[in-house]
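The lines below spell out each chain.
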Number of protein chains: 2
Amino acid sequence: MVNIKDVAKKAGVSVTTVSRVINNRGYIGKETRKKVEKAMADINYSPNQIARALQKSQSYLLGVIVPDSEHPFFAELIKNIELYAYKNNYKLLLCNSLDEAEKETNYIGMLRENRVDGIIMCSQTLDVEEYRKVDLPIVSFDRIMSNDIPYVGSDNFNGGRVATKHLIESGCKKLLHLSGPLDLDMLPNRRSDAFKLVCMEHDIPYKIIEEEYSRDTFSFFGQHEEFIEEKVSKELLTYDGVFCSNDILAYALYIHAQKRGIKVPEQLKIVGYDFNSFTRMLQKPKLTTVKQPVDRIGRELCSTLINMIEDKDGEKRNNTIVDIELIRGETT
Amino acid sequence: MVNIKDVAKKAGVSVTTVSRVINNRGYIGKETRKKVEKAMADINYSPNQIARALQKSQSYLLGVIVPDSEHPFFAELIKNIELYAYKNNYKLLLCNSLDEAEKETNYIGMLRENRVDGIIMCSQTLDVEEYRKVDLPIVSFDRIMSNDIPYVGSDNFNGGRVATKHLIESGCKKLLHLSGPLDLDMLPNRRSDAFKLVCMEHDIPYKIIEEEYSRDTFSFFGQHEEFIEEKVSKELLTYDGVFCSNDILAYALYIHAQKRGIKVPEQLKIVGYDFNSFTRMLQKPKLTTVKQPVDRIGRELCSTLINMIEDKDGEKRNNTIVDIELIRGETT
DNA sequence: TGTTTTAATTAGAACGTTTTCATAATTCTT
DNA sequence: AAGAATTATGAAAACGTTCTAATTAAAACA
């Protein structure tokens, strides 16, 4: 591939001059600029960003680590991140950790070697310590890692509150919450906190059943189905309202109820969380759910990171909590 | 960030020697190796892949351009590509063209500037010419571009055949096919070819209605719904079987039928195409559809590209057609 | 023993840019 | 018209690697 030298030769100027034209900095004669531009076009020159990155020690690459880019929620998140990144001249290096600690560690190492300008961490399998010692700008989704690692997330506490209140206001007398794994201290745990609190405030008996991790790569639905079968099914009918930690789980529960002839919402009300593209496509039932504005989350993750990168000494490492919204569907 | 010089200094050897240790090539004394490894660990050294890429003119980056990484089909495809790429030490640069020619052109330019080792093209808005003149290894999904650009796709013709035959064998007497845009010569058009052919072979009257492009970013469902409302609705009842070019469209049609009290499959049979993660999650109805094995497609795209990259003079630029499979659901 | 082989190490060029510094040419001042 | 300021250009160092070629040290040979 041709390089800046070839351009210089072709245009009959020095390499420096060509560089000047490309970067539009310093004095350049009008004629010279034209000659150079013509030369570049003539030989189909394309500046080598690798060489540039080396020299400027900035790559304009962002690493994004997610558990599974196929999952509707992350697929949508990634897309929004990419859209924003692209607008700001950054490129995305995509990494699927599959929630395996080892893969995550490897990816972090790989991103470091590739000198990405920063990392957006949406996968959280490692101890906070591990992230802290990464010497790169990081922004985290849904987890508080340390003071100097900003995070972005939806207002999980409020989400849990709104969902729970909605169930109670719809007449539920005994509530169940199907949460994600609560062992790691992640922001979504606030949903459970709120659930408990609201139940207590309203003297509503409740229970929380925790779903373990397990990435069934072929069917997001399947793992939830299994969980419900094994851990929820028996006691399900003792409740009249369930707050699920995500929409696909909620859908699985709905299907389960239907199979058993349990009427939703008459006998059992269900609220989900996310309102991701799957949920939006799903027409029967239209789930009642708490919407996380993924577009805003993506944008905030990206802009926060870029700010950290470009604000060398920046005081801009703000955390962001975006508002949620209750979407009323047919399951409550 | 520390560099190879720092390691050399710390270990009391030359830069060359450190490079030797890192790359495991040439003679290295046992003791020396140990010293160097210790030094690297001590100062947390991470080889600069950018410098490496510059020197070796290989970046181990692959560009992937898709219309929309949020779409379940592409989300799944990308994930499979990434999985395979990672195993082979390649990284993925993700690009969303949104089916805009200008964005696609920009992305190609960007990938060239970033000296990716190759491009996987899943977005096809430009003229074949444009791709041909890209001086990088390219592999294309679902489109024949030129002799030296290999392509990968499912056996679209057979897919169309199987779907159509299935409808006819299920008793349909008059068939409709809702296809994607047919103006560009893409492999999925073979589905329509097969549809026509099979109908003619069986003396079945048929019609094809073409859906235009339009990326409604918020709802994949919505655009199909609109299309059905406007272009299909009126004459729908004159058919008793519909072959849809993708699952989401098929689902939209199902919902439309339901709303109008048209019984599926009794009055109207529906077959989709893809069997993507949305379809797999969907429980009501279980769609009858033609499965494209996305995992194999992803793998083939990736391995074909890597072969081109690494087989310098390679004769390996084979096209790949992967087998489809009819998934029997409740809509036929 | 001296010579050849093999093993271990290094200096320095190269990869394609940007940037600093120096210099040349032009235009302004007065 | 002479110096100062402005405009335009280029040579060469630097970014962090790898690689070629050269050099030295140790082992094997005869």
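Each chain has its residues counted from 1, following the order in which its sequence is written. Here the convention is simple: chains get letters from A, ligands get numbers from 1, in the order in which they are written. Totals for whole chains, interfaces and linings use every residue, but because this is a predicted model, local features are given only for residues with pLDDT of at least 70 and side-chain atom pairs only at 80 or more, for both listing and counting.

**A few points about the sheet that holds strand 9 (residues 269-274) of chain B**
Residue and element names in this part refer to chain B. Our working rule: Pairing between strands requires that DSSP locate at least two bridges from one strand to the other. The numbering of helices and of strands both runs from the N terminus, where a helix is a DSSP run of H or I of at least 4 residues and a strand a run of E of at least 2. Where helices are involved, their axes are fitted lines through C-alpha atoms of the stretch in contact, as for all axes, and angles between N-to-C directions lie from 0 to 180°. Each residue gets a C-beta atom placed from its backbone, and two residues are in contact if those atoms lie within 7 Å.
Strand order in the open sheet formed by 6 strands is 7-6-8-9-10-12, with mixed pairing between adjacent strands. Each having just a single partner strand, strand 7 (206-210) and strand 12 (325-327) make up the two edges of the open sheet. Sheet twist, expressed as the average angle between the axes of neighbouring strands with direction ignored, equals 20°. Against the sheet, helix 8 (residues 156-169) engages strand 6 (175-179), strand 8 (241-244), strand 9, strand 10 (288-291) and strand 12, with an angle of about 165° to strand 9.

**Observations concerning the packing of helix 1 (residues 4-11) of chain A against helix 3 (residues 30-42) of chain A**
Residue and element names in this part refer to chain A. Counted only if it meets this: Under this scheme an angle from 65 to 115 degrees is roughly perpendicular, one under 35 degrees roughly parallel, and one over 145 degrees roughly antiparallel; angles in between are oblique. By definition, any crossing whose near helix is turned counterclockwise from its far helix by less than a right angle is left-handed, and any crossing with a clockwise turn is right-handed. Lys, Arg, Asp and Glu make up the charged group, whereas Ala, Val, Leu, Ile, Met, Phe, Trp, Tyr, Cys and Pro make up the nonpolar group; the residues left over, Gly among them, are polar.
Close contact between helix 1 and helix 3 brings their axes to 9 Å; oriented N to C, the two are set at 125°. The orientation of helix 1 with respect to helix 3, classified from their angle, is oblique. Where helix 1 crosses over helix 3, the handedness of that crossing is right-handed. Residues Val7, Lys10 and Ala11 of helix 1 form the contact with helix 3, whose participating residues are Lys35, Val36, Ala39, Met40 and Asp42. Of the residues contributing to the contact of helix 1 with helix 3, the split by class is 5 nonpolar, no polar and 3 charged.

**Examining the interface of chain A and chain B**
With 42 residues of chain A at the contact, the number on the chain B side is 42 residues. Among the secondary structure elements, those contributing two or more residues to the side of chain A that touches chain B are helix 4 (49-56), helix 5 (72-87), strand 2 (91-96), helix 6 (101-113), helix 10 (220-232), helix 11 (247-259) and helix 12 (277-281) of chain A. Considering each element in turn, the side of chain A that touches chain B owes the most residues, 6 residues, to helix 5 of chain A. As judged from the 2 bridges shared by strand 2 of chain A and strand 2 (residues 91-96) of chain B, these two strands associate in the antiparallel manner. From the neighbouring strand, Leu93 of chain A faces strand 2 of chain B, where its bridge partner is Leu93 of chain B.

**Observations regarding the relation of the copies chain A and chain B**
One copy of the chain maps onto the other through a rotation about an axis followed by a shift along the same axis. Our working rule: Residues reaching a pLDDT of at least 70 in both copies supply the C-alpha atoms on which the copies are superposed by least squares.
Placing chain A over chain B gives an RMSD of 0.0 Å and needs a rotation angle of 180°, together with 0.0 Å of translation along the axis. Here the copies are linked by what is in effect a two-fold axis. It is Leu93 of chain A whose C-alpha, among those of chain A, lies nearest the rotation axis, at 2.5 Å. Here 100% of the interface residues in chain A have copies in chain B that are interface residues too; the copies meet face to matching face.

**Considerations on the nonpolar core**
The criterion, for reference: By convention the nonpolar core is taken to be a set of buried residues drawn from Ala, Val, Leu, Ile, Met, Phe, Trp, Tyr and Cys and joined through C-beta atoms within 7 Å. We call a residue exposed when 12 or fewer other C-beta atoms sit within 10 Å of its C-beta, buried when the count reaches 20 or more, and partly exposed for counts in between; the C-beta positions come from the backbone.
One finds Val64, Leu93 and Ile120 of chain A together with Val64, Leu93 and Ile120 of chain B to be the most contacted residues of the largest nonpolar core, which totals 82 residues. The element that contributes the greatest number of residues to this core is helix 5 of chain A, accounting for 8 residues. Contact partners of Leu93 of chain A, with chain neighbours within four places excluded, come to Leu61, Leu62, Gly63, Val64, Leu111, Asn114 and Val116 of chain A together with Lys91, Leu92 and Leu93 of chain B. The next biggest cluster of nonpolar side chains, apart from the first, holds 78 residues, and it includes Ile228, Phe243, Tyr251 and Ile270 of chain B.

**What to know about unusual backbone geometry**
Pro265 of chain A follows Val264 of chain A through a cis peptide bond whose omega is 5°. Positive phi outside glycine occurs at Asn89 of chain B, with the angle close to 75°. Among the structural elements, Asn89 of chain B can be located in the loop between helix 5 (72-87) and strand 2.

**Some remarks on helix 4 of chain A**
As a reminder of what qualifies: Directions drawn from the helix axis to the C-beta atoms are what define this arc.
Listing the buried residues of helix 4 of chain A in full gives Gln49, Ile50, Arg52 and Ala53 of chain A. Down the axis, helix 4 of chain A shows its buried residues gathered within 160° of arc, on one side only. Looking at the packing, one finds that the buried side of helix 4 of chain A touches helix 4 (49-56) and helix 6 (101-113) of chain B. Phi for Ser57 of chain A, located one or two positions after helix 4 of chain A, is positive at around 40°.

**Description of the protein's contact with DNA strand C**
Put simply, the test is: By definition, a residue lies near a molecule or strand when the C-beta atom built from its backbone is within 6 Å of it.
In the vicinity of DNA strand C, 28 residues are found, and the nearest of them are Ile4, Ser19 and Asn48 of chain A together with Ser14 and Gly29 of chain B. Elements supplying a minimum of two residues to the surface near DNA strand C: helix 2 (15-23) and helix 4 of chain A together with helix 2 (15-23) and helix 4 of chain B.

So yeah, pure geometry; function would need other evidence.
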